[in-house]
Amino acid sequence: MDHAPDTLVRSTSPDVVRIAPDDAVAVALRALEAGERIEVAGAVLTIAEPIARGHKVAVRSIRAGAPVHRYGWPIGTATRDIGAGDHVHSHNLVTNLRAEEPYDYTPVAPRPQRAPGDWRFRGYRRGDGSVGTRNEIWVIPTVGCVARTAERVAQRAAARHGGQVDDVVAFPHPLGCSQLGDDLDGTARLLAALASSPNAGGVLLMGLGCEENQLAALLERVPQARRDRIRTVGAQMSADEYDAAAQAIDELVAIAAQDQREEVGLEALRVGLKCGGSDGLSGLTANPLIGRIADMVTAAGGQAILTEIPEIFGAERLLMQRAANRQVFDDLVALVNRFKRYFIDHGEPISENPSPGNVAGGITTLEEKSLGAVQKGGHAPLMDVLGYGERLRRPGLSLLEAPGNDAVSTTALAAAGAAITLFSTGRGTPLGSPVPTLKLATNHDLAARKPAWIDFDAAQVLNDGLDAAADALMTRICAIASGEPAQNERNGERDIAIWKRGVTL
């Protein structure tokens, strides 16, 4: 197998886009009416039935039982004969995905990438070598029992210290007790990794006292280089937990207030890559645009993190052939098959995705969704595979274990070390994470309808091409990385969600 073809650089038609010359389908860029005659690759096609924007139209006849290609790869099998001009969707296309399977190590030489350019932003350099895009105080509860207490502590401190640091924010969650084994370990690893974020100029870990996720053990998981910026308060052990927390935050603010932004290059940027509420244009506009940014960052020596493991099913071989070495390949195979086993052990099909919103937006099978989703990883070699709750270890592109759920995966990206996250969406979402979470609209309509949610209109790829859009997006990224608020920050959308996999006592 070879690389997937380059995705859209510039639309050659106002009506449809076909990526690879052997694709049996094209994607509608606008609503198409029955009887319309449009041009596709130099041939005239008559539309047989109404086809919504983002949905697929057959550009040639397809026999029942034949594979259907998009992006140059099969996205499923036709369940009936399909005529040229027909709508191709759930009524005549079915997934080919199966359970665990063997994979061959067949590496492909990396493609030459566009030079990253001399992009700069102003960030906060930390003692462990990382660079943050924010200088905030984070209040992280060890357990759900003190989640609301942590919120009140943060609100009072934010009012008291306004202007001295970028913000004081709490991240409540319901876990940390009534958990066992790997499930509890995952919660503790995730919270300790969050406490190590370069965007946190200081962290207050707030516990109850009797929970399984004990403060002392959690602190031991935080790297030594970060512990001078950590304080702890146990509510049951404090005469007044609010007073103790206030004193701890005062100490942290006094330290963090000395930090100053300094100019750095893309080699210092850590960017998370995410999609949610996808539509049929996600793999044509926003996702390949994010991929171009990932290539620019990694080419400069920075770090990019791809996740959502169930949303690479059907496209995993594209990542496997980019593994930097055999160990990375083996780690990726193990992760993919482990995640498939996770579905199987719970009696669920591995192809249950796409969501109803994805289907309404034109995505039919998980293979199709995955082939669009992996575009976010660009073409850089895959340098590392991280377990859930693990932090970045190497420059370049890393793949992180986490589910597709938006809240869980954006939290995992922040915990892994992302200082900013790029989030493509075709349907729209206000959701944010602990770090600036830039929403990229896949289509002009969403960008126009939801300006309070959207940070960048990625549909300009259709008009201006990928290079020009990438330059415009990088300008926006550098501005937000330097302190301009992202829309999720303006809206107070700053939440975490932890992956709960085990029994509850």
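Residues numbered from 1 in each chain as written. Predicted model: local features only at pLDDT ≥ 70, side-chain atom pairs only at ≥ 80, totals over all residues. Heavy atoms only, no water.

A. View of the overall build of the chain. In terms of regular secondary structure, the chain is built from 14 helices and 23 strands. In terms of C-alpha radius of gyration, the chain reaches 23 Å, essentially the compact-globule figure of 23 Å for 505 residues. In terms of overall dimensions, the chain has C-alpha extents of about 75 × 45 × 40 Å along its principal axes. Looking at the chain as a whole, 59% of its 505 residues are labelled buried. Residue pairs in contact within the chain that sit at least 24 positions apart in sequence constitute 72% of those at least 6 positions apart. On the chain, roughly 18400 Å² of surface is accessible, and the fraction owed to carbon and sulfur atoms is 50%. (Helix = DSSP H or I, 4+ residues; strand = E, 2+ residues; numbered from the N terminus. Rg over C-alpha atoms; globule rule 2.2 N^0.38 Å. Buried < 20%, exposed > 50% of the residue type's maximum accessible area, 1.4 Å probe, protein only. Contact = heavy atoms within 4.5 Å. Areas by Shrake-Rupley, 256 points an atom, 1.4 Å probe, with all protein chains shown as cover.)

B. Focus on the pattern of salt bridges. Going through the model one piece at a time under the given rule, you end up with 34 salt bridges. Its salt-bridge partner being D455, residue R476 comes within 3.9 Å of it at the nearest N-O pair. Here the residue R476 occupies a position in helix α13 (residues 466–481), and D455 occupies one in the loop between α11 (444–449) and β23 (456–457), the gap between them amounting to 21 residues. For the pair R476 and D455, one class covers both residues: buried. (Salt bridge = Lys/Arg side-chain N within 4 Å of Asp/Glu carboxyl O.)

C. Structural view of the environment of V233. Mapping V233 onto the fold places it in strand β15 (residues 230–234). A sequence separation of 29 residues divides V233 from L204, and the C-alpha atoms of the two residues are 7.4 Å apart. Residues in contact with V233, not counting those within four places in the same chain, are L204, L205, M206, G207, L215, S238, E241, A244, A245 and A248.

D. Local environment of the packing of aromatic side chains. For the structure shown, the criterion picks out nine aromatic pairs. Ring geometry for W138 versus F171: centroids 5.0 Å apart, planes at 80°, classification edge-to-face. Placement of W138 in strand β12 (residues 136–141) and of F171 in the loop between β13 (167–170) and α2 (181–194) is noted, with a sequence separation of 33 residues between them. Pair check on accessibility: W138 and F171 agree, each one buried. Plain terms: the ring middles of Y388 and W499 are 5.4 Å apart, the flat faces sit at 85° to each other, and that makes the pair edge-to-face. Here Y388, found in the loop between β19 (382–386) and β20 (396–400), pairs with W499, found in the segment after α14 (487–490); they are 111 residues apart in sequence, far enough to count as distant. What makes Y388 buried here is its relative accessible area of 1%. On the basis of relative accessible area, W499 is assigned to the buried category, the value being 6%. One aromatic cluster is present, formed by F313, F339, Y342, F343, Y388 and W499 through successive ring pairs. Note that R501 overlies the ring of W499, its terminal NZ or CZ placed 4.0 Å from the centroid. (Phe/Tyr/Trp six-rings, centres within 6.5 Å; stacked < 30°, edge-to-face > 60°. Lys NZ or Arg CZ within 6 Å of the ring centre and 35° of its normal.)

E. Fine view of the environment of Y342. Mapped onto the fold, Y342 is located in helix α7 (residues 326–345). Separated by 305 residues in the primary sequence, Y342 and R37 place their C-alpha atoms 47 Å from one another. In contact with Y342, other than residues within four places in its own chain, are W499 and R501.

F. Quick peek at the packing of helix α5 (residues 286–299) against α13. Relative orientation of the contacting elements α5 and α13 amounts to 70°, with a least axis distance of 9 Å. The angle between α5 and α13 places the two elements in the roughly perpendicular class. Between α5 and α13 the crossing geometry is right-handed. Facing P288, L289, R292, I293, M296 and V297 of α5, the residues of α13 in contact are L466, D467, A469, A470, D471, L473, M474 and I477. (Axes fitted to C-alpha atoms, helices over the stretch in contact; angles between N-to-C directions. Parallel < 35°, antiparallel > 145°, perpendicular 65-115°, else oblique. Left-handed = near helix turned anticlockwise from the far one by under 90°.)

G. Expanded view of the sheet that holds strand β21 (residues 420–425). Here seven strands make up an open sheet; going across it, the order is β19-β20-β18-β17-β21-β22-β23 and the pairing parallel. Across the chains shown, the open sheet's two edge strands, defined by having one partner strand only, are β19 and β23. (Pairing = 2+ DSSP bridges.)

H. Layout of the sheet that holds strand β14 (residues 200–207). An order of β13-β12-β14-β15 is seen for the four strands of this open sheet, with the pairing classed as parallel. Each having just a single partner strand, β13 and β15 make up the two edges of the open sheet. Geometrically, the sheet is characterised by an average inter-axis angle of 15° between neighbouring strands, direction not taken into account. Taken together, the four bridges between β12 and β13 define a ladder with parallel strand orientation. Paired with V139 across the two strands is A170, which belongs to β13. Packed onto the sheet, helix α1 (residues 147–160) meets β12, β13 and β14 and runs at close to 170° relative to β13.

I. Highlighting the nonpolar core. The biggest cluster of nonpolar side chains holds 117 residues, and the ones touching the most others in it are L289, I293, F313, L332, L440 and I477. Within the second largest apolar cluster, 18 residues are counted, among which are A150, A170, L204 and V233. (Core = buried A, V, L, I, M, F, W, Y, C linked by side-chain atoms within 4.5 Å.)

J. How the structure looks around α13. Over its 16 residues, α13 extends 22 Å from the first C-alpha to the last, a length consistent with the 22 Å expected when each residue adds 1.5 Å. Of all the positions in α13, only L466, A469, A470, L473, M474, R476, I477, C478, I480 and A481 are classed as buried. (Expected span 1.5 Å × (residues − 1).)

K. Region of the structure containing unusual backbone geometry. Its identity is not glycine, yet S178 carries a phi of approximately 60°, on the positive side. Within the fold, S178 resides in the loop between β13 and α2. Of the residues examined, S178 reaches a relative accessible area of 25% and is grouped as partly exposed. We note that E308 has phi near 65°; this positive angle belongs to a residue other than glycine. Summarising the element assignment, E308 is placed in the loop between β18 (303–306) and α6 (316–320).

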